[in-house]
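Residue strings, one per chain:
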Amino acid sequence: MKILKTLAGAVALAGLMAGPALAADMTVGFSQIGSESGWRAAETTLTKEQAEKRGIDLKFADAQQKQENQIKAIRSFIAQGVDAILLAPVVATGWDQVLEEAKDAEIPVVLLDRQVDSSDDLYLTAVGSDLEHEGEVAGEWLVKEVGDKDCNIVELQGTTGSSPAIKRKAGFEKAISGHDNLKIVRSQTGDFTRTKGKEVMESFLKAENGGKNICALYAHNDDMAVGAIQAIKEAGLKPGSDILVVSIDAVPDIFLAMQNGEANATVELTPNMAGPAFDALDAYLKDGTKPEKFIQTESKLYTQSDDPKSIYEEKKNQGY
Ligand code: GZL
């Protein structure tokens, strides 16, 4: 009996000495929003690839755009005793309770691509772009493109209550403020999807004299822009010239539209948020290194003059 106790003691001591889990035997729960856009699908693909490459056991949960499914998934990850949780939060509010539960279970949470209104001691770090800056870059492009011509703008917003919808709207409005010739005449959510983007654009066209009153479309993501481009063509107008099209994400299909002269500009959002997230988790779990609360990814403007054909080819190999 004594020998067994000593052995057990030695094993326990060895366990403590080994410290927290290393990447190789790390189990991470990933609560993903859904697959509403080409960008979202690429983010999922790249997250799985990054996990595979690092030997991380990734537990994936698709919430189909519902916050209650994300909360359920997080609770299940906590019950499974994962080492860490990745969360792409569909909306910005309503996370305090479940993030407290993760904190009580001493499971670090990393936010991907969207932010939450909760206090930042409830998550380890957030990896994402400067969403407001993306909206500003889109607005600044349109200000330059239009000059002092009068321009009625219609806006397709992202998912209501999501941080990209809130911040991309604010950034765009900041960029066009002070330019009285630019005016947002219609603004509605297209929920980041092509289908909804087309539907809402059809209603904008009908409401604005068949589109003759509309000078430009600002869409919070390329997928809604691609849907809207279809609606503009079906209304007998030329997207990219009769109605300028500026959006965000830089997914491959927006470069196809640019090649056809049907889209004008997009602001790139990298779909590889998981790389920096896993790096931060690795350092934290290995030796307790605390990352910055926000790890920012770069945003870049692309226009028709940026050789959309070769960018399309490149993008096709980036997880899309
Ligand atoms: C923004 C991200 C957005 C993308 C959309 O960081 O959350 O969600 O711009 C996606 O394509 O639906």
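Residues numbered from 1 in each chain as written. Predicted model: local features only at pLDDT ≥ 70, side-chain atom pairs only at ≥ 80, totals over all residues. Heavy atoms only, no water.

A.B. asks: Could you clarify how one ought to interpret the side chain of Arg114 in this entry?
C.D. replies: Secondary-structure assignment places Arg114 in the loop between strand S4 (109-112) and strand S5 (125-129). Within the structure, Arg114 has its side chain in polar contact with the backbone oxygen of Val90 (distance 2.8 Å). (Helix = DSSP H or I, 4+ residues; strand = E, 2+ residues; numbered from the N terminus. Polar contact = N/O pair within 3.5 Å; in protein donor to acceptor, adjacent residues only side chain to side chain.)

A.B. asks: I tried to follow the domain arrangement of the chain on my own but got confused; where do I start?
C.D. replies: How big an interface is tends to be reported as the loss of accessible area on association of its parts. Taken domain by domain, the chain comprises domain 1 (21-129 + 271-289) and domain 2 (131-269 + 303-316). Of note, the centres of domain 1 and domain 2, computed from C-alpha atoms alone, are 30 Å apart. Counting residues at the interface gives 13 residues for domain 1, matched by 16 residues for domain 2. In total, domain 1 and domain 2 occlude about 1,100 Å² of area from one another, counting both sides; carbon and sulfur atoms represent 54% of this. For the domain 1 face of the interface with domain 2, the top three residues by lost area are Trp39, Arg114 and Ser129, together amounting to 40%. Counting the contacts that link domain 1 with domain 2 gives zero salt bridges. Inspection of the domain 1/domain 2 interface yields seven residue pairs in polar contact (both at pLDDT 80 or more). A class-by-class count of the residues in the side of domain 1 that touches domain 2 yields six nonpolar, four polar and three charged. (Domains from an automatic or database assignment. Contact = heavy atoms within 4.5 Å. Buried area = accessible area lost by both parts, 1.4 Å probe. Salt bridge = Lys/Arg side-chain N within 4 Å of Asp/Glu carboxyl O. Nonpolar A, V, L, I, M, F, W, Y, C, P; charged D, E, K, R; others polar.)

A.B. asks: Whenever I open this one, the packing of aromatic side chains confuses me. Can you help?
C.D. replies: The description of an aromatic ring pair uses the distance of the two centres, along with the angle that the planes make with each other. In total, this model carries three aromatic pairs according to the counting rule given. Where Phe30 meets Phe60, the ring centres are 5.5 Å apart and the plane angle is 65°; that geometry is what we call edge-to-face. Placement of Phe30 in strand S1 (residues 27-32) and of Phe60 in strand S2 (residues 57-62) is noted, with a sequence separation of 30 residues between them. The exposure class assigned to Phe30 is buried, which follows from its relative accessible area of 0%. Exposure remark for Phe60: the relative accessible area of 31% places this residue in the partly exposed category. Note that Lys48 overlies the ring of Phe60, its terminal NZ or CZ placed 4.2 Å from the centroid. (Phe/Tyr/Trp six-rings, centres within 6.5 Å; stacked < 30°, edge-to-face > 60°. Buried < 20%, exposed > 50% of the residue type's maximum accessible area, 1.4 Å probe, protein only. Lys NZ or Arg CZ within 6 Å of the ring centre and 35° of its normal.)

A.B. asks: Can you walk me through the site of the ligand in this structure?
C.D. replies: Surveying the vicinity of the ligand reveals 13 residues, the closest of which are Glu36, Asp113, Arg114, Arg168 and Asp249. A distance of 2.5 Å separates an oxygen atom of the ligand from a polar atom in the side chain of Glu36. Between Asn221 and the ligand, the recorded distance is 3.0 Å, taken from a side-chain N or O atom to an oxygen atom. Isolated, the ligand exposes 310 Å² of accessible area, and the fraction of that covered by the protein chains is 100%. Mapped by element, the contributors of at least two residues to the shell around the ligand are helix H2 (38-54) and helix H6 (163-176). Counting residues domain by domain, the shell around the ligand receives three or more from each of domain 1 (21-129 + 271-289) and domain 2 (131-269 + 303-316). (Near = heavy atom within 4 Å. Areas by Shrake-Rupley, 256 points an atom, 1.4 Å probe, with all protein chains shown as cover.)

A.B. asks: Explanation requested: the sheet that holds strand S7 (residues 182-189) in the structure shown.
C.D. replies: Working definition: the strands of a sheet are paired by backbone hydrogen bonds and lie parallel or antiparallel to each other. Spatially, the six strands line up as an open sheet ordered S7-S6-S8-S9-S10-S12, and their pairing is mixed. With partners counted over all chains shown, the strands left at the sheet margins are S7 and strand S12 (301-303), one partner each. Recorded for the sheet is a direction-independent mean angle of 20° between the axes of neighbouring strands. Summarising the sheet, strand S8 (residues 216-219) and strand S9 (residues 244-249) pair through three bridges and their orientation is parallel. When the bridges of S9 are listed, Leu217 appears paired with Val245. Running at roughly 155° to strand S10 (residues 265-268), helix H9 (residues 252-259) makes contact with S9, S10 and S12 of the sheet. (Pairing = 2+ DSSP bridges. Axes fitted to C-alpha atoms, helices over the stretch in contact; angles between N-to-C directions.)

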